[in-house]
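Notes for the structure review
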Amino acid sequence: MWYPFGWAGDFEPLVDDETHIEWLMAIPITDAEFTFFEANDADALIDVFEANDIDLYDLGRASAL
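Residues numbered from 1 in each chain as written. Predicted model: local features only at pLDDT ≥ 70, side-chain atom pairs only at ≥ 80, totals over all residues. Heavy atoms only, no water.

Another point: a negative patch on the surface. Together, Asp-41, Asp-43, Asp-47 and Glu-50 give the surface a local cluster of negative charge. Inspection of the secondary structure puts Asp-47 in helix 2 (residues 42–52). The exposure class of Asp-47 is partly exposed, given its relative accessible area of 48%. (Patch = residues over 30% accessible without salt bridge, like charges linked within 9 Å, V, L, I, M, F, W, Y side chains within 5 Å. Areas by Shrake-Rupley, 256 points an atom, 1.4 Å probe, with all protein chains shown as cover. Salt bridge = Lys/Arg side-chain N within 4 Å of Asp/Glu carboxyl O. Lys, Arg positive; Asp, Glu negative; His and termini not counted. Charge placed at Lys NZ, Arg CZ, Asp CG, Glu CD. Helix = DSSP H or I, 4+ residues; strand = E, 2+ residues; numbered from the N terminus. Buried < 20%, exposed > 50% of the residue type's maximum accessible area, 1.4 Å probe, protein only.)

Now for the pattern of salt bridges. Within this structure, the stated rule accounts for 1 salt bridge. Among the salt bridges present, the one from Arg-61 reaches Glu-33, with a minimum N-O distance of 2.7 Å. Residue Arg-61 is found in the segment after helix 2, and its partner Glu-33 is found in helix 1 (residues 31–39); the two are separated by 28 residues along the sequence. The two residues Arg-61 and Glu-33 agree in class, both being buried.

What follows is about the confidence of the model for the protein chain. Taken as a whole, the protein chain shows an average pLDDT of 87; of its residues, 89% reach a score of 70 or greater. Averaged pLDDT values over the elements of the protein chain bottom out at 88 in strand 1 (residues 14–15) and peak at 96 in helix 1. (pLDDT = per-residue confidence, 0-100.)

Laid out in structure tokens, this is it:
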């Protein structure tokens, strides 16, 4: 789960007196990408995704690594 960087626009949290909602997006990742994430961090993995211009919506995509 990560902040919705793949969508244009700014997703501000929804906050009122009793609720705080942050908008997130689910990104399916490969085993190699998960191993990279564990060794680095989510920002580094997102950088790899952006550098490789992956299709976040393609569930059958090849690993970015």
